[in-house]
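One letter stands for each residue in the lines below.
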Amino acid sequence: MSFIDQIQSSFPVAQDSIPELDRFAAAVQQNEYLINGELRQWSGPFQEIVSPICVKGDSGYAPWIIGHAPAHNRDTALIALDAAVKAYNLGRGAWPVMSVAARIKHIEDFTVRMKAKRTDVVRFIMWEIAKNREDAEKEFDRTVDYIRDTLQALKELDRQSSRFLIEQGIIGQVRRAPLGVVLCMGPYNYPLNETFATLIPALVMGNTCVFKPPKLGILLYRPLLEAFRDSLPPGVINTVYGVGEEVIPPLMETGRIDVLAFIGSARVADSLKKAHPHPHKLRSVLGLGAKNPAIVLPDADIETTVSECVLGALSYNGQRCTALKIIFVHESIAADFIARMAARISVLKVGMPWDKDAKITPLPVKNKAEYLDGLVQDAITRGAKVVNPDGGTFFKTVFFPALLFPVTPDMRVYQEEQFGPVIPVVPYSNVETALEYVYNSHYGQQLSIFGKDPAIIAQLVDPLMNQVSRVNLNSQCQRGPDVFPFTGRKGSAEGTLSVTDALRAFSIRSLFAAKESELNKGIISDIAHDRTSNFISTDFIF
Ligand code: G3H
């Protein structure tokens, strides 16, 4: 059987050839959307939700249509925004003035309801973006852990704020207060986790939100809508569906969005920021593009390097912002490195998300395989070769990884963020080649160094730390653990996300202050004693 036939045979021939628990025998019709605490029924146009998983039909293999979701228009988006603005009510709403302890209880309640929907959400992740089961489950569980850790971090933050300070005759109490209305949008590759990485901290800090699911990974939120409705006060979270270009700019143009939380392309982020009439009033928390390099030094431990590079470049088919997207390898070990990489790639199993051990799964972005093939063909015409067996072979939405060598600066893949299973390898004789790449890059998220000599590594780390926000040693690039800061320099990010940093990103330090007079001391004591304020308070959250 040819390799292309092998790829074809990994797609299901019919719905009933899919394990029963994993299939969508009938299309899912989502009419509901959440605004102001109500699940409303949409009667306008719908968007088709097309899975990258192809199923054999009369005219061959075609992407399976798993369902439909509302395609909102501008007016509906503005109704969602109105609800969020009303719930915030210039900071007077029940949610922004609620005690931290009470908000935490609401989010805990949401988490209990969310956990009950794990199977449904994981199935949607597998079908909408073809993430394999293991990674889809990991995404769900990591999100639950992230919420738990966020709440824990907020308790700790609140404990530190539960006291008065006296400085130069001024009594003060400092707390973090919400910013207003947050527009939250996550990316398709981590549609749940990265959306919640901003949505949950934004909510728990007392902001109200308009939330739009990613372009791909929409229906997976359907099982969570009731959980949102039942665990949060009306208007605290409101959903918008449809084509981003139609529904999002009108929200920005109102000037009523206080925080833009967006993980996606710089092009979209720039245009949304520009659409806001008062950019200085807008805070942005952005996760954007990256082209993280690996720098393999001549003394690198080759086995560790190869295994980290395969993981780093190909987990979830390379569709991670943190993926290793270009590898610089010293020419003295390039042949060995390439041979071992090729061997490791050749055993990666192609399959559907529910297939055991499937690592290479369909790509959800339309025409992505064709785009990647374009990168490969461009590199070939400029002198590179695909050096792994069957590399670059594709059928429909499945693209088998292509290891390209030797890659040179004139090739598109040297600069373009491929966000997919193409691995460009650049040989170098002087490490300056790799360093120049980092210095001249538009991106500045992370990089990985592979080597053994402490003196050389130390020399590289110091200046590189001023170019990227995380340098990894003998390890792939990655976002986690989520308690570590996740950010980027240059065009890769704005703001820092981590369990603790995200709480700061969605709030501002605010100070209650009073001269230390008898009158003021009396008033403050009474307020704290009678618990009439959630801000002026010494309550300790256990
Ligand atoms: O797409 C970017 C993600 O933040 C990457 O997260 O390194 O945990 O896969 P990860």
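Everything below is about the structure shown above.
Residues numbered from 1 in each chain as written. Predicted model: local features only at pLDDT ≥ 70, side-chain atom pairs only at ≥ 80, totals over all residues. Heavy atoms only, no water.

## What to know about the pairing of strand 21 (residues 422-428)
- Burial runs high along strand 21: 6 of the 7 residues are buried.
- Across 3 bridges, strand 20 (residues 402-405) lies against strand 21 in parallel orientation. Considered in strand 21, the bridge of A402 is made with V422. (Buried < 20%, exposed > 50% of the residue type's maximum accessible area, 1.4 Å probe, protein only. Helix = DSSP H or I, 4+ residues; strand = E, 2+ residues; numbered from the N terminus. Pairing = 2+ DSSP bridges.)

## Digging into the site of the ligand
- Contacts to the ligand come from R142, N189, Y190, E194, R320, C321, T322, Q478, R479 and F486.
- In the environment of the ligand, an oxygen atom lies 2.3 Å from a nitrogen or oxygen atom belonging to the side chain of E194.
- Expressed as a share of its isolated accessible area of 310 Å², the protein-covered part of the ligand is 95%.
- Here the ligand occupies the second largest pocket.
- Per-class residue counts for the shell around the ligand are 3 nonpolar, 3 polar and 4 charged. (Near = heavy atom within 4 Å. Polar contact = N/O pair within 3.5 Å; in protein donor to acceptor, adjacent residues only side chain to side chain. Areas by Shrake-Rupley, 256 points an atom, 1.4 Å probe, with all protein chains shown as cover. 1 Å grid on protein atoms, 1.4 Å probe; cavity = no way out; pocket = protein on both sides within 12 Å on 5 of 7 lines; lining within 4 Å. Sits in = over half its atoms within 2 Å of the grid points. Nonpolar A, V, L, I, M, F, W, Y, C, P; charged D, E, K, R; others polar.)

## Regarding empty space enclosed by the protein
- Inspection of the entire model under this criterion finds 2 cavities of 30 Å³ or more.
- In this structure, the largest cavity occupies an estimated 120 Å³ of space.
- If you trace the largest cavity, you find 16 residues lining it, with L286, G287, L288, F486 and A493 closest to the centre.
- Residue assignment for the lining of the largest cavity shows that the elements contributing at least two residues are strand 12 (283-287) and strand 26 (493-494).
- Per element, the largest residue contribution to the lining of the largest cavity is 3 residues, and it comes from strand 12.
- For the lining of the largest cavity, the per-class residue count stands at 8 nonpolar, 6 polar and 2 charged.
- Counting contributing residues, the lining of the largest cavity receives three or more from each of domain 1 (29-287) and domain 2 (292-491). (Points joined across faces, edges and corners; volume = space filled by probe spheres on them. Domains from an automatic or database assignment.)

## Considering the pattern of salt bridges
- Summed over all chains, the structure comprises 30 salt bridges.
- R113 is the partner of D109 in a salt bridge, and the nearest nitrogen-oxygen pair spans 3.2 Å. Placement of both D109 and R113 in helix 4 (residues 100-115) is noted, with a separation of 4 residues, approximately one turn of the helix.
- For R531, the salt bridge is made with D539, and the minimal N-O distance between the two is 3.1 Å.
- One connected set of salt bridges, linked through shared partners, spans D109, R113, R229 and D230. (Salt bridge = Lys/Arg side-chain N within 4 Å of Asp/Glu carboxyl O.)

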